[in-house]
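Working through the structure, step by step
Listed below are the residues making up each chain.
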Amino acid sequence: MADLLVLGGGFGGLAAAHELRRRLPRGDQVTVVAMSDRFFVGFAKLWDLAGVRPLVDGTRALQRLEDRGIRFVQAEVTAIDPAGCAVETSEGRITGDGMVVALGATYRPQHSDLVDAGAYNLYHAASLPDIRTALEDLTEGRLLVSIMGTPYLCPPAPYEATLLLQQRLRDEGVRDQIDVVISTPAPLTLPVAGPDASRYLADELTASGVGVLTEHHVSSIDGQNRTVTFQNGTVLDWQLMLAVPAAAPPPVVASSPLAGATGWIEPDRHTFTTSAERVYAVGDCTLIRTATAQLPKAGVFAEAAGKIAATNLVSDLYGGDRLTFDGYGYCFVELPGQRVATVAGDFYAKPKPNVRLAPPDRASFSAKQEWEEERLSSWLG
Ligand SMILES: Cc1cc2nc3c(=O)[nH]c(=O)nc-3n(C[C@H](O)[C@H](O)[C@H](O)COP(=O)(O)OP(=O)(O)OC[C@H]3O[C@@H](n4cnc5c(N)ncnc54)[C@H](O)[C@@H]3O)c2cc1C
């Protein structure tokens, strides 16, 4: 009888756990260890802010894994011992015969400190109630959304948030009194999707009256005077500032023997094997290099990697087919009016990713809703 550990109950962990359960004999045990007791897809936070649907309606309890024959332990992983295929947790040491590490990403500490000076972290679910209140009070001045550094989770999400929020302000009749601006340190809106998709997105923002500041690195935030200073000397005042800190590896990942010099785990980009036998790493806690940059930190990639890692782990134990990831994937780009564009293609292509944007339509919005529902119901229904 084998014991398989899955660290993390997000996209990568849930995909891996279910794939392990599906492929392993019933007598083998699959255990998910996660700090949080629930799961929701990232964009559900934006739907909450935009008034599309409260976050709670898209949230499911990880305890439901138990109904699917997967053991769930709510605990903080405090140390990873890849050689011993074990973890130290707030609930004690747990050992296994194989492991998939899917612990996601946290925020770069310097950025979190800057945001704490008075802005809100757009990505942090715990900030949502305060952001909602601040939005209700917003009747004049400037709404500023600032990407603080790269990589950050889901490259289109800050732009989607900006477009959806400006539409919400329009629907509420206050948009004319509010300047809406988005800033990014990058030279393009969506470097990962290339110049054409970036231009398309920039045009959508401009057409909605949103100011786009590229090559603007936040240097400091003054919460008392409600101003932000960029490294190029520009100072902007704001009434409400929503910041997107760059991603950072969770400390337990960065301090583990699995991490590379960057602090991220850098597994084989096709098989997700790591330096340790029968230990795989997937999703946002990994750094996967592409010809020009790195694979976006997105749920679709974490899920694909989770399935492949689980299949290969089963093959390590029992033989059978192994799978490889080919670099194909897609990202949704949601625009106001329940329209969704899709950026899809080969992110591993050389000399640069071969990725295209398909223009938005309402059918893709329905597809996005179904995509979420399929995951919530098949993983935790
Ligand atoms: C606003 C927003 C919109 C997004 N939109 C999209 C989208 O449209 N499409 C898309 O593909 N992606 C989207 N994403 C990105 C997506 O949410 C992430 O890329 C995805 O969640 C990564 O999956 P993961 O399994 O690697 O990590 P996560 O889903 O973050 O899961 C990490 C898990 O590890 C657990 N954990 C962390 N540290 C510890 C610890 N020390 N001990 C125990 N447990 C721990 C957490 O509790 C969690 O269960 C969006 C993200 C945001 C913020």
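The numbers attached to residues start from 1 for each chain and follow its sequence in the written order. Given that this is a predicted model, residues contribute local features only at a pLDDT of at least 70 and side-chain atom pairs are listed and counted only at 80 or more, while totals for whole chains, interfaces and linings are drawn from all residues. With hydrogens and water stripped out, all remaining heavy atoms of the structure feed into the side-chain values.

All right, on to the environment of Arg22 then. Labels follow the DSSP assignment, with helices taken as runs of H or I lasting at least four residues and strands as runs of E lasting at least two, numbered in each case from the N terminus. Summarising the element assignment, Arg22 is placed in helix α1 (residues 11-23). The class of Arg22 is exposed, set by a relative accessible area of 58%. Each C-alpha atom of the pair Arg22 and Arg68 lies 9.8 Å from the other, and the pair is 46 residues apart in sequence. Counted as a polar contact is a pair of N or O atoms within 3.5 Å, where, for protein atoms, one must be capable of donating a hydrogen and the other of accepting one, and residues adjacent in sequence contribute only when both atoms are in side chains. Here the side chain of Arg22 touches Glu19 through a polar contact of 2.8 Å, side chain to side chain. Categorising residues by exposure relies on relative accessible area from a 1.4 Å probe, with only protein chains included: less than 20% of the type maximum marks a residue as buried, more than 50% marks it as exposed, and the intermediate range marks it as partly exposed.

This part covers the site of the ligand. Residues are classed as near a molecule or strand on a simple rule: at least one heavy atom within 4 Å of it. The full set close to the ligand counts 29 residues, and Gly9, Gly12, Val77, Asp284 and Gly299 are the nearest of them. The separation between an oxygen atom of the ligand and a polar main-chain atom of Gly299 is 2.8 Å. The separation between an oxygen atom of the ligand and a polar main-chain atom of Val300 is 2.9 Å. Contact with the protein chains hides 90% of the accessible area of the ligand, taken as 1,000 Å² for the molecule alone. Accessible surface area values rest on a Shrake-Rupley calculation with a 1.4 Å probe, where residue burial reflects the displayed protein chains alone.

The next thing to look at is the layout of surface pockets. In this analysis, the protein atoms alone were mapped onto a 1 Å grid. Cavities are point sets where a 1.4 Å probe fits without being able to get out; pockets are open sets with protein on both sides within 12 Å along at least five of seven lines; lining residues have an atom within 4 Å of a point. Grid points are joined across faces, edges and corners, and a volume is the space filled by probe spheres set on the points. Volume-wise, the second largest pocket comes out at about 730 Å³. In this structure, the second largest pocket is lined by 31 residues; those nearest its centre are Leu190, Pro191, Val192, Ala193 and Gly194. Counting residues per element, the ones that place at least two in the lining of the second largest pocket are α6 (194-207) and β23 (354-361). The leading source of residues in the lining of the second largest pocket is α6, at five residues.

Before going further, it helps to spend a moment on helix α9 (residues 362-380). To estimate how far a helix should reach, multiply one less than its number of residues by 1.5 Å. Compared with the 27 Å implied by 1.5 Å per residue over 19 residues, the 27 Å span of α9 between its first and last C-alpha is a close match. A side-chain oxygen of the first residue of α9 lies 3.5 Å from the backbone nitrogen of Ala363; this N-cap is Asp361.

This brings us to the pattern of salt bridges. Close approach of charged atoms lets side chains of opposite charge pair. We define a salt bridge as a side-chain nitrogen of Lys or Arg found within 4 Å of a carboxyl oxygen belonging to Asp or Glu. The tally for this structure, following the rule as stated, stands at 20 salt bridges. With a closest N to O distance of 2.8 Å, Arg22 and Glu19 form a salt bridge. You can see Arg22 and its partner Glu19 sitting in helix α1, three residues apart, about one turn around the helix. Judged by its relative accessible area of 9%, Glu19 is buried.

Take it as geometry only, folks, not as evidence of what the structure does.
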